[in-house]
Amino acid sequence: MRHLSLLFSLFALQWSATASHLSDLRDRKRNPFPFDPGFPISQVVVAALDISTHSWELGTATEALLELYNPELSVFGDSPFEAAKTVSSSSILPRALAYAAEKIVIGTGPNALSDGNGSLSDPASLGVGAVLLGKLEGYERFGAAATAQLEYVTQEAPRAWNGAISHRVGYVELWADFVYMVPPFLAYYAVDTGNIKLLREAVYQCQAYHDILHYNTTATDQNFGGLWEHILGPVKYDPGLWSTGNSWAAAGMTRVLATIMKAPALPYSDDIAAQGFSKWREEAIGTLTNLIKEIVDGAIDAGPAAYDGKLIRNYYNKPDIFGETSGSSLMAATVYRLAVLVPHEFGNEKYIQWAEGIRKVLGSSFVGADGTMLEHVDPDNGAVRPAVNPLDWSDSKPWMNGSPEGQSFVALLYASWRDCIFADRC
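Worth saying up front: this structure is predicted, and the values here are computed from it rather than measured.

Rules behind the numbers
- Residues numbered from 1 in each chain as written.
- Predicted model: local features only at pLDDT ≥ 70, side-chain atom pairs only at ≥ 80, totals over all residues.
- Heavy atoms only, no water.
- Helix = DSSP H or I, 4+ residues; strand = E, 2+ residues; numbered from the N terminus.
- Rg over C-alpha atoms; globule rule 2.2 N^0.38 Å.
- Buried < 20%, exposed > 50% of the residue type's maximum accessible area, 1.4 Å probe, protein only.
- Contact = heavy atoms within 4.5 Å.
- Areas by Shrake-Rupley, 256 points an atom, 1.4 Å probe, with all protein chains shown as cover.
- Core = buried A, V, L, I, M, F, W, Y, C linked by side-chain atoms within 4.5 Å.
- Disulfide = S-S within 2.5 Å.
- Salt bridge = Lys/Arg side-chain N within 4 Å of Asp/Glu carboxyl O.
- Phe/Tyr/Trp six-rings, centres within 6.5 Å; stacked < 30°, edge-to-face > 60°.
- Lys NZ or Arg CZ within 6 Å of the ring centre and 35° of its normal.
- Polar contact = N/O pair within 3.5 Å; in protein donor to acceptor, adjacent residues only side chain to side chain.
- Expected span 1.5 Å × (residues − 1).
- 1 Å grid on protein atoms, 1.4 Å probe; cavity = no way out; pocket = protein on both sides within 12 Å on 5 of 7 lines; lining within 4 Å.
- Points joined across faces, edges and corners; volume = space filled by probe spheres on them.
- Nonpolar A, V, L, I, M, F, W, Y, C, P; charged D, E, K, R; others polar.

Undergrad: Account for the overall build of the protein chain, with residues named and values stated.
TA: Scanning the protein chain from terminus to terminus reveals 16 helices and six strands. What you see for the protein chain is a C-alpha radius of gyration of 22 Å, in line with the 22 Å of a compact globule of 426 residues. Based on the C-alpha atoms only, the size of the protein chain along its principal axes is roughly 85 × 65 × 45 Å. For the protein chain, the proportion of its 426 residues judged to be buried stands at 56%. Summarising the internal contacts of the protein chain: among those between residues at least 6 apart in sequence, 68% fall at separations of at least 24. In the structure as shown, the protein chain presents an accessible area of about 18,000 Å², 53% of it carried by carbon and sulfur atoms.

This is the structure we're talking about:
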């Protein structure tokens, strides 16, 4: 009997420890900032919201807030489309959606969600937030605006020879940035409405952009295989291997990948159609994984000259230019997401330790232009530095006052790192 009593006591202690651990885990998951990344992340987020004004900045900030504060609604959540059904019954507007509702300025045509200043893809970055808002009573106008934005993008926008939708309204010009703005919106809208044709279009746009922007290496620059050129077109032509452009593309395709992987069963006309879609879905997951892996491997394997310490230089193929935090942070955020989504490809030390290197650098110091030591994240105002000039990617001077998109990229890095820890992958 004494042995039996001891056994029950040990069991009770183990159960108590397990229950305590689960309770602690639940508490941590309710806290958007449960772990210390080595820098003041809450100040980074505040700065991102304070200085974002352009359409793509607002869309990126909305996505960052969604992943930080409402991860169940993000496509990286466990069941995002089931969670989306509960939005209408919530008594409190989720923080990300409250922000989107405040920032979206409903218009028409390419500016249905915001003034894109000649870009049809930048306003689309607010599309996911608008779709979610449209589910709430009294906010239906945002859902209608999302539909208007989608219809312009898919039906009226100019296209390249291979069907790639132009980033610009008035002429065909392809920007790597587009891949973060439009395909994730198309994919989310498609799953939300059960539109299989549109979901295929979202994946095709990733492929079409790859086919045009993918860099063709030569015998002297083999290190850059897999990376993309920034802009091909008649006005803002930039064939350079821009760090942030590659990160936009990899991160955007990762959101599309997550959307397809998390999508519930979609409506089919018959069993044959269902089987055909199931086959396409598996092929699409494989295609997207390969496209993303090309860029990520290109970034990691670009060689020492492409890096300034642990930070990627503003252009991979310009070894004399500064290393910057914006593109580096978004690429690291993408790697953390991939480690959870596709662990058999990205859940190993090569990828995770590379991303960890970026995160740890953000918590360190560097030598400023005047020779003084500076924190990468300003402890006074949360500005992340040095960043690329947010409105002039070719500027050779580091941007020290906080880039709106760059601030959001660091917020995305934190959210993805946090979720990677929760998934026991980091």
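Undergrad: Give a detailed account of the nonpolar core, specifying residues and quantitative values.
TA: Core analysis: the largest hydrophobic core is formed by 136 residues, its most contacted members being Leu199, Trp228, Met253, Ile260, Val296, Tyr316 and Trp354. It is helix H12 (residues 271-300) that provides the largest number of residues to this core, a total of eleven residues. Not counting residues within four places of it along the chain, the set of residues in contact with Trp354 comprises Ile300, Tyr307, Ile312, Ser328, Met331, Ala332, Val335 and Glu349.

Undergrad: Now, about the state of the cysteines: what can you tell me, with residues and values included?
TA: Evaluated as defined, the whole model comprises one disulfide. Between the sulfur atoms of Cys420 and its disulfide partner Cys426 the distance amounts to 1.9 Å. For the disulfide bridge between Cys420 and Cys426, the dihedral angle about the S-S bond is near 80 degrees, and by the sign convention the bridge is right-handed. Look at Cys426 and you get partly exposed, because its relative accessible area is 35%.

Undergrad: Summarise the pattern of salt bridges; cite the residues concerned and give the values.
TA: One pass over the structure, following the stated rule, counts 14 salt bridges. The shortest N-O distance in the salt bridge between Glu82 and Lys85 comes to 3.1 Å. Among the charged side chains, a salt-bridge network with shared partners connects Glu67, Arg337, Arg418 and Asp419.

Undergrad: Describe the packing of aromatic side chains, with residues and values.
TA: Overall, the coordinates contain 15 aromatic pairs when judged by the stated rule. Taking 5.4 Å as the distance between ring centres and 55 degrees as the angle between the ring planes, the aromatic pair formed by Phe35 and Phe422 counts as tilted. Taken as a pair, Phe35 in the loop between helix H1 (2-30) and helix H2 (41-51) and Phe422 in helix H16 (residues 404-422) lie far apart in primary sequence, 387 residues in all. Ring geometry for Tyr180 against Trp248: centres 5.1 Å apart, planes inclined by 55 degrees, an arrangement best described as tilted. Pair noted here: Tyr180 is in helix H8 (residues 178-181) and Trp248 is in helix H11 (residues 243-262), with a separation of 68 residues, a long-range link. Judged by relative accessible area, Trp248 falls into the buried class, the value being 1%. Here a set of aromatic residues connected by ring pairs shows up, and it is made of Phe33, Phe35, Tyr69, Tyr414, Trp417 and Phe422. In this arrangement the basic side chain of Lys318 is found over the ring face of Tyr315, its NZ or CZ atom lying 4.2 Å from the centre.

Undergrad: So what's going on with the side chain of Arg418? Residues and values would help.
TA: The topology assignment puts Arg418 in helix H16. Residue classification places Arg418 among the buried residues on the basis of a relative accessible area of 2%. In this structure the side chain of Arg418 is engaged in a polar contact, spanning 2.9 Å, whose partner is the backbone oxygen of Leu68.

Undergrad: Would you mind going over H11 in detail, with residue names and values included?
TA: For H11, spanning 20 residues, the distance from its first C-alpha to its last is 29 Å, which sits close to the expected 28 Å at 1.5 Å a residue. Within H11, 18 of the 20 residues are buried, leaving the element largely enclosed by the surrounding structure.

Undergrad: Tell me about empty space enclosed by the protein, and please be specific about residues and values.
TA: All told, the structure shown has three cavities of 30 Å³ or more when counted by the stated rule. The volume enclosed by the largest cavity comes to roughly 90 Å³. Taken together, Glu67, Phe76, Tyr180, Ala251, Thr254, Arg255, Leu330, Ala333, Thr334, Arg337, Leu412 and Ser416 make up the full set of residues lining the largest cavity. Sorting the residues of the lining of the largest cavity by element identifies H11, helix H13 (325-341) and H16 as the ones contributing at least two each. By residue number, the principal contributor to the lining of the largest cavity is H13, which donates four residues. Across the lining of the largest cavity, the residue classes break down as six nonpolar, three polar and three charged.

In short, geometric facts, not functional conclusions.
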